[in-house]
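One-letter residues, chain by chain:
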Amino acid sequence: QVQLVESGGGLVQAGDSLRLSCAVSGGTFSRNCMGWFRQAHGKEREFVAGITWSGSSALYADSVKDRFTVSRDNAKNTVYLQMNNLKPEDKAVYYCAVDFGSDTRVPMNSGTYDYWGQGTQVTVSS
């Protein structure tokens, strides 16, 4: 019964910012890793960023590490992805996911994650 709901996507101009949110319900929001993935049209889903339960460790794809910031608020059962200086190549459906089997390290493999949200569309125009 674990559910993840993403929000915050939209249409923006290149250079703008967005903050995505992922609210988790139906499970214990602790001792897990949260990940963000994205999938552009015609491409495979790729890892974007992730964060451990404590927030002490975060991991970013090289393409976003200087622009995106992942964080979490365990009291709100929510993980965030702050996206700055968006580029047209960032256009994709963004998904959040939870891995209950990982604690201190962030997996990059999508197959590791147990539950997924439905995604939120991010479109960046030039």
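Higher on the page you've got the structure.
Structural notes, computed from the coordinates. (Residues numbered from 1 in each chain as written. Predicted model: local features only at pLDDT ≥ 70, side-chain atom pairs only at ≥ 80, totals over all residues. Heavy atoms only, no water.)

### Things to note about the side chain of arginine 72
So, step 1. Mapped onto the secondary structure, arginine 72 falls in strand β7 (residues 68–73).
So, step 2. Assessed through its relative accessible area of 14%, arginine 72 is described here as buried.
So, step 3. A polar side-chain atom of arginine 72 sits 2.7 Å from a polar atom in the side chain of asparagine 32.
So, step 4. A polar contact is formed between the side chain of arginine 72 and the side chain of asparagine 74, at a distance of 2.8 Å. (Helix = DSSP H or I, 4+ residues; strand = E, 2+ residues; numbered from the N terminus. Buried < 20%, exposed > 50% of the residue type's maximum accessible area, 1.4 Å probe, protein only. Polar contact = N/O pair within 3.5 Å; in protein donor to acceptor, adjacent residues only side chain to side chain.)

### Some details on the state of the cysteines
So, step 1. A complete count under the given rule lists 1 disulfide for this structure.
So, step 2. Here cysteine 22 pairs with cysteine 96 through a disulfide, and the sulfurs are 1.9 Å apart. Note on the cysteine 22 and cysteine 96 pair: the S-S dihedral is about 60°, so by sign convention the disulfide is right-handed. Residue cysteine 22 is located in strand β3 (residues 18–25), and its partner cysteine 96 is located in strand β9 (residues 92–99); the two are separated by 74 residues in the primary sequence.
So, step 3. When its relative accessible area of 0% is taken as the criterion, cysteine 22 is described as buried.
So, step 4. This cysteine, cysteine 33, is not joined by any disulfide, and cysteine 22 carries the nearest cysteine sulfur, 14 Å off.
So, step 5. The buried category is assigned to cysteine 33, whose relative accessible area is 0%. (Disulfide = S-S within 2.5 Å.)

### Quick notes on the pattern of salt bridges
So, step 1. Under the definition given, this model contains 4 salt bridges.
So, step 2. Note that arginine 38 is salt-bridged to aspartate 90, the shortest N-O span being 2.9 Å. Of this pair, arginine 38 sits in strand β4 (residues 33–39) while aspartate 90 sits in the loop between β8 (78–83) and β9, and the two are 52 residues apart along the sequence.
So, step 3. In this structure aspartate 90 comes out as buried when scored by relative accessible area, which is 0%.
So, step 4. One salt bridge connects aspartate 62 with lysine 65, and the closest N-O pair in it is separated by 3.6 Å.
So, step 5. For aspartate 62, a relative accessible area of 64% corresponds to the exposed category.
So, step 6. Taking relative accessible area as the criterion, lysine 65 reaches 45% and is therefore assigned partly exposed.
So, step 7. One connected set of salt bridges, linked through shared partners, spans Arg38, Glu46, Arg67 and Asp90. (Salt bridge = Lys/Arg side-chain N within 4 Å of Asp/Glu carboxyl O.)

Nothing here speaks to function; it is all geometry.
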